[in-house]
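# Coordinate inspection notes
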Amino acid sequence: MPVLDIHALNVYYGESHILRNVDLSVQPGQMVCLIGRNGVGKTTLLKTIIGLLQQRSGSVRFEAKELEDLAPHQRARSGIAYVPQGREIIPQLSVKENLLLGLEALPGGLRRHRHIDPQVFELFPVLEGFLQRRGGDLSGGQQQQLAIARALLGKPKLLLLDEPTEGIQPSVVLDIERAVKRIVATTGISVLLVEQHLHFVRQADWYYAMQKGGMVASGPTAELSKDVVDRFLSV
Ligand SMILES: Nc1ncnc2c1ncn2[C@@H]1O[C@H](COP(=O)(O)OP(=O)(O)OP(=O)(O)O)[C@@H](O)[C@H]1O
């Protein structure tokens, strides 16, 4: 049974038809990468999965349960974590306080949970030394690592990542890539990733390519052809 199963999904912004009959599924423990040029609807799809945008028709099922009537916080509590483009860490709060916010996705939220699982420091060692620093004082790459670590503390079953390496220096891109691979390999969490770096895309098990709001190609990333890469990746 897929963790995430999307069928014939249609989403609009006002009268603009953005997602057109989208089908996509993510199997347990899989890393799936969504590719496509700017503006084709990748972010719209992730926002619809987490419930920030409403679907017009079709279905989005998480662990076989239809999500349509659940608010974003209910989807988070049921096991979906979303790291948006731009990361959205809270700049005035310390790294530790930002991490604690991730516990809000656990049953009982912050009232019942105060423990930061040290596993996040194994994945992102740089954060451990910076716990008292203001989030806003970290570099872009460190903020991205913080945002992923915060999402993991909610113990999700599905992690949605929107361009985690956008605007990040190349050495840190590799750190993030390795950490995401390790998350998938060691925790059983499934990942749906929007990504433009080909090397990172190839780490995924499966890809879906979008064009003008629809899925136009998919398959194992081992079979990603030069033609598909040229058509759907901008870098
Ligand atoms: N708030 C909005 N109101 C109206 N239209 C929007 C809004 N946000 C996005 N769109 C439009 O929806 C389409 C899909 O945008 P989306 O951000 O999902 O694309 P994307 O593939 O994620 O691209 P990018 O990589 O640039 O974020 C675009 O044509 C965009 O102009």
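As the structure is a computational prediction, the values presented were derived from the model and not from experiment.

## A look at the environment of Val-95
- Its place among the elements puts Val-95 in helix 3 (residues 95-101).
- Residues within four places of Val-95 in sequence aside, it is in contact with Leu-127, Phe-130, Leu-131, Arg-133, Gly-135 and Leu-146.

## Concerning the site of the ligand
- Within the structure, the ligand sits among Tyr-13, Ser-16, Ile-18, Gly-36, Asn-38, Gly-39, Val-40, Gly-41, Lys-42, Thr-43 and Thr-44.
- Of all the secondary structure elements, the ones that give two or more residues to the shell around the ligand are strand 2 (16-26) and helix 1 (42-50).
- When residues in the shell around the ligand are grouped by element, the largest group, 3 residues, is from helix 1.
- Classifying every residue of the shell around the ligand by side-chain character gives 3 nonpolar, 7 polar and 1 charged.

## A word on the pairing of strand 8 (residues 190-194)
- For strand 8, a buried count of 5 out of 5 residues is recorded, marking the element as mostly surrounded by other parts of the structure.
- Of the pairings in the sheet, the one linking strand 3 (residues 31-35) to strand 8 comprises 4 bridges and is parallel in character. Residue Met-31 lies in a different strand from strand 8, and its bridge partner there is Val-191.

## Regarding the sheet that holds strand 2
- A sheet is described by the order of its strands in space; here 4 strands give the open sequence 2-1-4-5, paired in antiparallel fashion. Strands with a single pairing partner mark the edges of an open sheet, and in this sheet they are strand 2 and strand 5 (65-66).
- Strand direction decides the pairing type here: strand 1 (residues 4-13) and strand 4 (residues 57-62), joined by 5 bridges, are antiparallel. Its bridge partner being in strand 4, His-7 is matched across the sheet by Ser-59.
- Each of strand 1, strand 2 and strand 4 is contacted by helix 1, which is oriented at about 70 degrees to strand 2, the strand it contacts most.

Reading the values: rules and limits
Residues numbered from 1 in each chain as written. Predicted model: local features only at pLDDT ≥ 70, side-chain atom pairs only at ≥ 80, totals over all residues. Helix = DSSP H or I, 4+ residues; strand = E, 2+ residues; numbered from the N terminus. Contact = placed C-beta atoms within 7 Å. Near = placed C-beta within 6 Å. Nonpolar A, V, L, I, M, F, W, Y, C, P; charged D, E, K, R; others polar. Buried ≥ 20, exposed ≤ 12 C-beta atoms within 10 Å, placed from the backbone. Pairing = 2+ DSSP bridges. Axes fitted to C-alpha atoms, helices over the stretch in contact; angles between N-to-C directions.

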